[in-house]
Amino acid sequence: MNNHYDVIIIGTGAGGGTLASKLAPTGKKILLIERGDYVPREKDNWSSAAVNLHGRYQTKEKWSDRNGNELHPHTNYYVGGNTKFYGAALFRLRSEDFGEINHYGGVSPAWPISYDDLEPYYTQAEYQYHVHGQRGEDPTEPAAKCPYPHPAVTHEPRIQQLSDDFARLGLRPFHTPLGIMLDENNPHASKCIRCNTCDGFPCLVSAKSDAQVLGVDPALTYPNVTLMTNTYVERLATNFSGRQISKIIVKRDGVHEELSADIVVASCGAINSAALLLRSANDRHPEGLANGSGVVGRHYMGHVNSIMLAVSRCPNPTVFQKSLSLNDFYFGDDEFPYPMGHISFVGKMDRDSLRGGAPAIAPGFALEIMGNHSLDFWLTSEDLPDPENRVTLDRNANIVLSYQPNNETGHKRLHSKLKHLMQQQTACPVHGHECHQGLFARNLFVGDRIPLAGVAHQNGTIRFGKDPNTSALDADCKAHELDNLYVVDGSFFPSSGAVNPALTIMANALRVGDHLIRRMN
Ligand SMILES: Cc1cc2nc3c(=O)[nH]c(=O)nc-3n(C[C@H](O)[C@H](O)[C@H](O)COP(=O)(O)OP(=O)(O)OC[C@H]3O[C@@H](n4cnc5c(N)ncnc54)[C@H](O)[C@@H]3O)c2cc1C
Ligand code: SF4
């Protein structure tokens, strides 16, 4: 049959794109299905107004929240998935994150695999995605068998000053591990030009380590791998016993088609993969595919995230701001012995990005001044897997995302810690006054937190585990109830830690890839 494949992978982001590159050399007939197209290469890629103010690349799809209010999700449907737009901060989870951890707001559950199980794949992923970093600096980093493949991205003077100040206060600031193809020793040959439009933007010169450039594109050099773009997977059908996916029903350029594969891998992102399984309910799987346990769509996590602008009279002329991180409060401190989370940076804010996310708080010139003087911190704390935080479908099969924030105390503590630290900085080299007086915290959007529509770190909706009564996937990320369905996007996380998720998704896809290779041989 022409439409039959050995493996079909649905979605080409961090999970799907990475898995494709792993399986490509097997010679198996592999199809990648992607609902979006390639990100168009155009000057708007690097336009803050186009990207942040006008949402040029963001999906126009509408979801709703649990009260029926419309939700415009900040997510992107393209070859490479959300990695085309990510900030490429590529962290390993801490080894403790794989075990149970007590938080002030509850318990973060253990994973069915240990850090040691994933360690070799973290290394592979760091090499595949050209991670730059320096081992030994981050006080919470897990043991690694190999050094980073590339040296850490250096700090610009203002960030170096901040790093020195943090160190002076007894902290251990470190270089953020970053997936950008930057060669600081040979700038003339470097693909990356270290620009100010990286986090949130596609890379016009293909120098970001995204899943298209380093996953899908290399996979497509193999003749046994094909990619269907603009192809939306509507539903998965099962055979009579309900144990096998027998058909994949897609809509390609408005026309329905049916495909099939020995192995089917869903990697649509945590929200869309859950929606796909729920849409695929049938007589054998009345609550949705692989959902005998009832967990599919539940335990949605997206991190407790906020942006904090530290604005002072001291200018911040930094171009590439994401080079510094702080994990001293990740597991707590003497004053608060519970996890607080991770502090790093977003890309440098400018007038348009501030205007794009802000209510009309200030006229344009004030935003411009603010952009020129702010240090733009990104704070992440762990949210805990609550079964009522979930993806469901409305009667038209549109996505409904229900979410009630939890575990916020640690996050508030983290805020206070950072504020306190910023009030103790050294004098501004330009003006001589306390550099950070006048600091205030403000969310990029409204209020103090990234709102529900900010689903960048989505995970947890099809959790893996040993017990089929409390998880949908087994430890190999195969559905407990189906013999040929796997999930390799961020859905599988039973808990999310407080560092960015993409490297863990990539590493896990490589791990599942090894399992699939063994299974197919
Ligand atoms: C602005 C931004 C900044 C970020 N910064 C970082 C960072 O610095 N570090 C980090 O670790 N993470 C970051 N992230 C998060 C990171 O991008 C995601 O964790 C990661 O991309 C998730 O991988 P995934 O495979 O789960 O899903 P995705 O990468 O979202 O891929 C899912 C793919 O499935 C496709 N798809 C969905 N539904 C269907 C369907 N029905 N049929 C066919 N195809 C479908 C989508 O189009 C998409 O291509 C950021 C995200 C954003 C948006
Ligand atoms: S050139 Fe470098 S800094 Fe600029 S978007 Fe590309 S990868 Fe990011």
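Quick caveat, the model's predicted, so the values are computed rather than measured.

What counts as what
In every chain, residue numbers begin from 1 and rise along the written sequence. Whichever chain is written first is A, and whichever ligand is written first is 1; the rest continue in order. Reporting of local features is limited, given that this is a predicted model, to residues whose pLDDT is at least 70; pairs of side-chain atoms are given and counted only at 80 or more, and all residues count toward the totals for whole chains, interfaces and linings. Side-chain numbers come from the whole structure's heavy atoms, not from hydrogens or water. What counts as a helix is a DSSP run of H or I of at least four residues, what counts as a strand is a run of E of at least two, and both are numbered from the N terminus. The size measure is the radius of gyration over C-alpha atoms, and the globule rule it meets is 2.2 Å times the number of residues to the 0.38 power. Categorising residues by exposure relies on relative accessible area from a 1.4 Å probe, with only protein chains included: less than 20% of the type maximum marks a residue as buried, more than 50% marks it as exposed, and the intermediate range marks it as partly exposed. It only takes one pair of heavy atoms within 4.5 Å for two residues to be counted as in contact. Residue burial considers only the protein chains on display, and all accessible areas are found by Shrake-Rupley using a 1.4 Å probe. Positive charges come from Lys and Arg, negative ones from Asp and Glu, while His and the chain ends are left out of the count. Just so you know, the charge point we use is NZ for Lys, CZ for Arg, CG for Asp and CD for Glu. By definition, pLDDT measures how confident the predictor is in each residue, and it falls between 0 and 100. Here, nonpolar core refers to any group of buried Ala, Val, Leu, Ile, Met, Phe, Trp, Tyr and Cys residues whose side-chain atoms link them within 4.5 Å. By convention in this text, a residue qualifies as near a molecule or strand provided that one of its non-hydrogen atoms is within 4 Å of it. Amino acids are sorted into nonpolar (Ala, Val, Leu, Ile, Met, Phe, Trp, Tyr, Cys and Pro), charged (Asp, Glu, Lys and Arg) and polar (every other residue, Gly among them). N or O atoms closer than or at 3.5 Å make up a polar contact, with two conditions inside protein: a donor-capable atom paired with an acceptor-capable one, and, for residues adjacent in sequence, both atoms drawn from side chains. Expected helix span is computed as 1.5 Å times (number of residues minus one). Two strands qualify as a pair provided that DSSP identifies no fewer than 2 bridges between them.

## Describing the overall build of the protein
Within the protein one finds 10 helices and 20 strands. The C-alpha atoms of the protein give a radius of gyration of 22 Å, which matches the 24 Å a tight globule of 521 residues would have. For the protein, buried positions account for 60% of its 521 residues. Counted over contacts in the protein with a minimum sequence separation of 6, partners at least 24 positions apart contribute 74%. With an accessible surface of roughly 19,700 Å², the protein has 50% of that area assigned to carbon and sulfur atoms. Positive and negative side-chain charges in the protein, numbering 48 and 56 respectively, have mean positions lying 3 Å apart.

## Re the confidence of the model for the protein
Residues with a pLDDT of 70 or more make up 93% of the protein, whose mean pLDDT is 92. Within the model, pLDDT remains below 50 along residues 437-447, and this stretch shows 44 contacts once partners closer than five positions in the same chain are excluded.

## Thoughts on helix α5 (residues 212-219)
The element α5 is extensively covered by neighbouring structure, given that 6 of its 8 residues are classed as buried. Among all positions of α5, only Q212, V213, L214, G215, V216 and A219 are buried. Where α5 is buried, its residues meet α1 (14-23), β2 (30-33), α3 (115-128) and β10 (225-228).

## Some words on unusual backbone geometry
With phi around 60 degrees, A88 is a residue other than glycine that occupies positive phi space. Here A88 shows up in the loop between β4 (70-71) and β5 (101-103). By relative accessible area, which is 1% here, A88 ends up buried. Residues other than glycine seldom take positive phi values, yet H130 does so here, at roughly 50 degrees. Within the secondary structure layout, H130 lies in the loop between α3 and β7 (131-132). A relative accessible area of 24% means that H130 is categorised as partly exposed.

## Description of the nonpolar core
I8, I180, L236, I248, V265, M506 and L516 are the most contacted members of the largest nonpolar core, which totals 108 residues. The element that contributes the greatest number of residues to this core is helix α10 (residues 502-520), accounting for 10 residues. If we ignore the near neighbours within four places in the chain, the residues touching L516 are L19, L23, I263, V265 and Y486. Judged by nonpolar contacts, the second largest core, of 20 residues, contains I159, M308, L379 and L418.

## Overview of the site of ligand 2
Close to ligand 2 lie 13 residues, the nearest being C192, I193, C195, C198 and C203. The class makeup of the residues in the shell around ligand 2 is 10 nonpolar, 1 polar and 2 charged.

## Focus: the site of ligand 1
Around ligand 1, the structure places 37 residues, and the nearest of them are G15, E34, N82, A89 and A502. One of the side-chain N or O atoms of N82 is found 2.8 Å from an oxygen atom in ligand 1. Between ligand 1 and the protein, one listed contact pairs an oxygen atom with a backbone N or O atom of P501 at 3.4 Å. For ligand 1, whose unbound accessible area comes to 1,000 Å², protein coverage reaches 94%. Where the shell around ligand 1 is concerned, the elements lending two or more residues are α1, β11 (231-238), α6 (270-279) and α10. Looking at which element gives the most residues to the shell around ligand 1, the answer is β11, with 3 residues. For the shell around ligand 1, the per-class residue count stands at 16 nonpolar, 16 polar and 5 charged.

## A word on the environment of S495
Here S495 is to be found in the loop between β20 (485-487) and α10. Overall, the relative accessible area of 0% leaves S495 in the buried class. Separated by 481 residues in the primary sequence, S495 and A14 have C-alpha atoms spaced 18 Å apart. For S495, the residues in contact, after removing those within four places along its chain, are D97, S108, P109, W111, M301 and E382. At 3.1 Å, the side chain of S495 forms a polar contact with the backbone oxygen of P109. Within the structure, S495 has its side chain in polar contact with the side chain of W111 (distance 3.0 Å).

## Things to note about helix α4 (residues 157-168)
Taking 1.5 Å as the rise per residue, α4 with 12 residues should run 16 Å; its terminal C-alpha atoms sit 16 Å apart, in good agreement. Every buried residue of α4 is listed here: R158, I159, Q161, L162, S163, D165 and F166. Just past α4, the residue G170 takes up positive phi, approximately 90 degrees.

## Digging into the pairing of strand β19 (residues 399-402)
On β19, burial covers both faces: I399 and L401 on one face and V400 and S402 on the other are all buried. The sheet contact formed by strand β3 (residues 63-65) and β19 spans 2 bridges and is parallel. Within β19, the position partnered with D65 by the bridge is L401. As judged from the 4 bridges shared by strand β18 (residues 390-393) and β19, these two strands associate in the antiparallel manner.

## Quick notes on the side chain of D210
Within the fold, D210 resides in the loop between β9 (178-179) and α5. For D210, a relative accessible area of 0% gives the class buried. Here the side chain of D210 touches K84 through a polar contact of 2.8 Å, side chain to side chain. Within the local environment of D210, its side chain forms a polar contact with the backbone nitrogen of V213, the two atoms lying 2.7 Å apart. Excluding its chain neighbours within four sequence positions, the residues that come into contact with D210 are T83, K84, Y86, Y129 and G215.

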